[in-house]
Amino acid sequence: MRDKDLYAQILGITPPWSVRDVELNLKASEVVVHLALAPSHTLDCPTCGNSAPGYDTRKRRWRHLDTCEFRTVIVADVPRVNCEEHGVHQIKVPWSEPNSGFTARFEALAIDWMKEASLSAVCRLLKISWDSAAGIQERAVQRGLERRKELSPKRLGIDETSFQKRHEYVTIVSEQETGRVLHVADNRRRESLDGFYAGLSASQREGIESVSMDMWAAYIGSTLQHVPDAERKIAFDKFHVAKHLGEAVDKVRRQEHKVLQEEGRADLKGTRYLWLRNPENMSPQRWADLKALRDSALKTAVAWSVKELAMTLWRYKTRSWARKAWEQCLYWAKETGLKPVIDVASMLERHLEGILNAIVLRATNGMAEGINSRIQWIKKMACGFRNRDRFRMAIYFHLGGLDLYPAAGRRS
Ligand SMILES: [Zn+2]
C-alpha cells in the first residue's frame, strides 16, 4: 500500500478530499500529510449550506493523533466562499471543527484524557500548550451546552462553593435526580441565581417542584421572585440544617473546653471531630468513645443531643406531624440556655415552613454534597484556577453531564 493510501485510510479521508503528499521529517519527528480538494467540487457556505462561489484559499494546519510517536500534522489549502447572504467564510472540513488547530479525533482523545487527569498532565502527555488544552476544553463545553436539550428541571439544589481564596464563591445549580450541574455563576448574590432563572421560560419555571438551599436571603429572594408558588417549593434540607446545628455544637464545645481548661480539666480535649461526625458512619470504637461523653453532664453533650434529635425529624409524611415534632424540638433547644444553640434554633424557627417543605417534598441536597466534593477534586487537580471562567468551564466539563465530543471525532 502506498503511503498516501495508508494515510487516507488512517485519517478517514474520503472524496472530495484526498491525500496529495506525505512528508516525513525525521529530524523533527513529524509526519506532514498534505490534503487536497478535488478542483471540480462545488463549494458550500458553512452557515446556510447553499453553494457559493469560491473567494480564495488559506493554508491551514491541524495537529492529528500521532503515528508511531511521530507528531502528525494535516495541512490543506482550504477555500473560502463568498455567500451572497453570509459573506466570506471558510468552508467546513470533515476532520475538524471550525476554529480549531486540532483534528476532531485529536480533540476527542484530549477530552478523554481530561476526564481522567489534570490539564497540566494532559499538556505533558499530548505535548500541547496549556492554552491549547484549555481551548479544547472550552470548545467541548460550548458544544455540550449548545447540544443540551431544553431543560425541564424539576427538583433543584442550589449551593455555593468556594473559589480559590476564602470569601470568594460561585453558585452552583444542580438537578437533584441526575446530579448534573445546570448552572454555574459568580458569587452567591441574588443576581447569581437570577441569571439561571432568567434563562428559563415561564413554563420551565412553572415546572419546578422543589428548590433545596441553605437559609440564605439572596437565594430565597431570587427564588421567590422567579418561581411561581415558591413559598411551597423552597426547601431547607437536612444537609444544610445539620451544618448549622453542627456549627452550634462546635461553638458550645470550644467555649466549654476553655472554661474546663481553666479548671485544669481536659474532658473535651481532642473531641472536636467526634461531635461533628454522623453517628451512622461511626465505628463501634468511636461510638464507645462518644458514649461516655454524651452521657456526661457536659454542655457540649446537651447541644449535641439537640442536633441528633433534629436529625431524626426528617421522615414525616404529613406537614402537621412534622410541624409538631419540629416545634417541640426547637422549644427544647431554646430551653438548653446555650446561646449558640438558641441562635440556630431561632433561625430554624424563622425558616420552619421551608424545613417542612423539604420534609414533605422529600427534597434533599445529598447530591450537592457529592458535587461539592468533586468540585474540590477539580480544584485540587487544577492547582487553583487563574480565573473564574476557567473554574466554571471545568465544572461544566466534569459535572455538567454534557455531550462533549466533536461530531467528527465521536466514536462509532
Ligand atoms: Zn450562506
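Our structure is the block above this text.
Residues numbered from 1 in each chain as written. Predicted model: local features only at pLDDT ≥ 70, side-chain atom pairs only at ≥ 80, totals over all residues. Heavy atoms only, no water.

Draft legend 1. The arrangement of the coordination of the zinc ion in detail. In this structure, C45 (SG), C48 (SG), C83 (SG) and H86 (ND1) serve as the protein donors to the zinc ion, at separations of 2.1 to 2.3 Å. Around the zinc ion sit 4 donor atoms; with metal-centred angles ranging over 103 to 114°, the donor geometry is tetrahedral. In the primary sequence, the donor residues of the zinc ion line up as C-x2-C-x34-C-x2-H. (Donors = N, O, S within 2.8 Å, 3.2 Å for Na, K, Ca; no water. Tetrahedral: all angles 85-135°; square planar, octahedral: opposite > 155°, others 65-115°.)

Draft legend 2. Seen up close, a negative patch on the surface. On the surface, D3, D5, D21 and E23 cluster together to form a negatively charged patch. Within the residue set of the negative patch, elements represented by two or more residues are α1 (3-11) and β1 (17-25). Here D3 shows up in helix α1. In this structure D3 comes out as partly exposed when scored by relative accessible area, which is 41%. (Patch = residues over 30% accessible without salt bridge, like charges linked within 9 Å, V, L, I, M, F, W, Y side chains within 5 Å. Areas by Shrake-Rupley, 256 points an atom, 1.4 Å probe, with all protein chains shown as cover. Salt bridge = Lys/Arg side-chain N within 4 Å of Asp/Glu carboxyl O. Lys, Arg positive; Asp, Glu negative; His and termini not counted. Charge placed at Lys NZ, Arg CZ, Asp CG, Glu CD. Helix = DSSP H or I, 4+ residues; strand = E, 2+ residues; numbered from the N terminus. Buried < 20%, exposed > 50% of the residue type's maximum accessible area, 1.4 Å probe, protein only.)

Draft legend 3. Molecular detail of the sheet that holds strand β8 (residues 181-186). The 5 strands lie next to each other as β8-β7-β6-β9-β10, forming an open sheet whose pairing is mixed. Looking at the sheet topology across the chains shown, the edges are occupied by β8 and β10 (234-236). Pairwise comparison of adjacent strand axes, ignoring direction, gives a mean angle of 25° for this sheet. Set on the sheet, helix α16 (residues 388-399) makes contact with β6 (155-162), β7 (169-175) and β8; between it and β8 the angle comes to about 170°. (Pairing = 2+ DSSP bridges. Axes fitted to C-alpha atoms, helices over the stretch in contact; angles between N-to-C directions. Contact = heavy atoms within 4.5 Å.)

Draft legend 4. Spotlight on the pairing of strand β4 (residues 70-83). β4 sits mainly inside the fold: 10 of its 14 residues count as buried. Bridge count between strand β2 (residues 30-37) and β4: 6 bridges; the pairing is parallel. Residue E30 lies in a different strand from β4, and its bridge partner there is R71. Examined bridge by bridge, β4 and strand β5 (residues 87-90) share 4 bridges and lie antiparallel to one another. From the neighbouring strand, C83 faces β5, where its bridge partner is G87. Turn length for the β4-β5 hairpin, with the two strands adjacent in sequence and antiparallel, is 3 residues.

Draft legend 5. Quick look at helix α14 (residues 352-361). Burial within α14 is extensive, with 7 of its 10 residues counted as buried. By the burial criterion, the buried members of α14 are L352, G354, I355, L356, N357, A358 and I359. Summarising the contacts, the buried residues of α14 are in contact with β10, α8 (238-262), α12 (319-335) and α13 (339-350). Following α14 by one or two positions, R362 has its phi on the positive side, about 55°.

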